[in-house]
Amino acid sequence: MRKVKVYITLKEGVLDPQGKAVKNSLNTLDYANVNEVRVGKYMEVMMEDAENLEAQVEEMCEKLLANPVIEDYSYQIEEVIA
Amino acid sequence: MKFAVVVFPGSNCDRDMYHAVKDSLNEEVDLVWYQDADLSEYDVILLPGGFSYGDYLRSGAIASTSNIVQQIKEAAAQKKPVLGVCNGFQVLLESGLLPGAMLPNRDLKFMCHHEELRVENAETMFSSEYQKGGLIHLPIAHGEGNYYCDDATYQQLKDNEQIVFTYTNNPNGSTGDIAGIVNETGNVLGMMPHPERAVESLLGNADGLRLFQSILMYWRNNHVIHA
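Computed from a predicted model, the values in this text were never measured in an experiment.

> I'm lost on helix α1 (residues 17-28) of chain A in this one. Help?
Working note: α-helix, 3.6 residues per turn, so residues spaced by three or four point in the same direction. All names here are of chain A. The terminal C-alpha atoms of α1 lie 16 Å apart, and with twelve residues this matches the ideal 16 Å at 1.5 Å per residue to within 8%. Among the residues of α1, Pro17, Gly19 and Lys23 are the ones counted as buried. All buried residues of α1 project into a common sector of 155° when viewed along the axis, lining one side. Once α1 ends, the next one or two residues include aspartate 30, with phi positive near 80°.

> In this structure, what is going on with the interface of chain A and chain B? I would like to understand it.
The figure often quoted for interface size is the accessible area lost as the parts come together. Facing the 15 residues of chain A at the interface are 14 residues of chain B. The contact between chain A and chain B buries some 1,100 Å² in all, and 71% of this surface belongs to carbon and sulfur atoms. Ranking the residues of chain A by area buried against chain B places Pro17, Leu64 and Ile70 of chain A at the top, with a combined share of 42%. Inspection of the chain A/chain B interface yields one salt bridge. Between arginine 58 of chain B and glutamate 71 of chain A there is a salt bridge, and its shortest N-O distance comes to 3.6 Å. If you look at where chain A meets chain B, you find four residue pairs in polar contact (both at pLDDT 80 or more). Among the elements of the structure, α1, β2 (41-47) and α2 (53-65) of chain A are those that each provide at least two residues to the side of chain A that touches chain B.

Conventions used here
Residues numbered from 1 in each chain as written. Chains lettered and ligands numbered in written order. Predicted model: local features only at pLDDT ≥ 70, side-chain atom pairs only at ≥ 80, totals over all residues. Heavy atoms only, no water. Helix = DSSP H or I, 4+ residues; strand = E, 2+ residues; numbered from the N terminus. Expected span 1.5 Å × (residues − 1). Buried < 20%, exposed > 50% of the residue type's maximum accessible area, 1.4 Å probe, protein only. Arc of directions from axis to C-beta. Contact = heavy atoms within 4.5 Å. Buried area = accessible area lost by both parts, 1.4 Å probe. Salt bridge = Lys/Arg side-chain N within 4 Å of Asp/Glu carboxyl O. Polar contact = N/O pair within 3.5 Å; in protein donor to acceptor, adjacent residues only side chain to side chain.

Below, the structure written as structure tokens:
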């Protein structure tokens, strides 16, 4: 069994209104040194190991988990010991 | 002429779309459930607004993986008119039938009001009953209608005259004030504003009806006259 940790982030240059709102809130809480916040997504995908696991994960990110028009993705594959 | 309104779990403008075609345009229309639809018997495919699959992951993302999308792609390849409104537009973007993607509105608010639109291209099968440069009013109702595409794609949209409607007072931050675009072949239109909610002067606005009339004119010119 593998645990795949997938991180989705907005591409550089794509405006992040949500991140901006969070940044403003942090500033309001007196964290004056916060300059920018970008909000992304984190997913854990549990899957059976396969020979082409990495290619599969790559494909899943391209096809569904991320939208390559606006998002970048990265992932880590970890072994799960039952 | 037969219209199909594809209903996904979470669609909520399907009845409005049905009503616009049936009662205002007076054409045949069916509501078809996404799982058991056979789109081959229809002339026009309509993807309604709403929140398919609760907007999980990204608006339209889950719906774009359903089997019906293959049928929608086939219909599009056969040059049948395909219209996606609001969530329908998002589904078309996520399916790759139209370029670009949707982001949350610039001001993070769900917006529900009328917007003024400029008709940028009045020569598509969806807009021939409008005047180029004409101003119309249509309701918008969305939280994620901030259309995004990169500079190269935007230039392409402009060069190919794929931009059909723009906002005169951009409410959501869309690239190039874009409210609606067609694909390169001009038979797939995605737009955030709701033409189906503006089909009766009795209710204050019939600007949207001309969009449906344009489709009808197109179909008649191509089928009836040559019959």
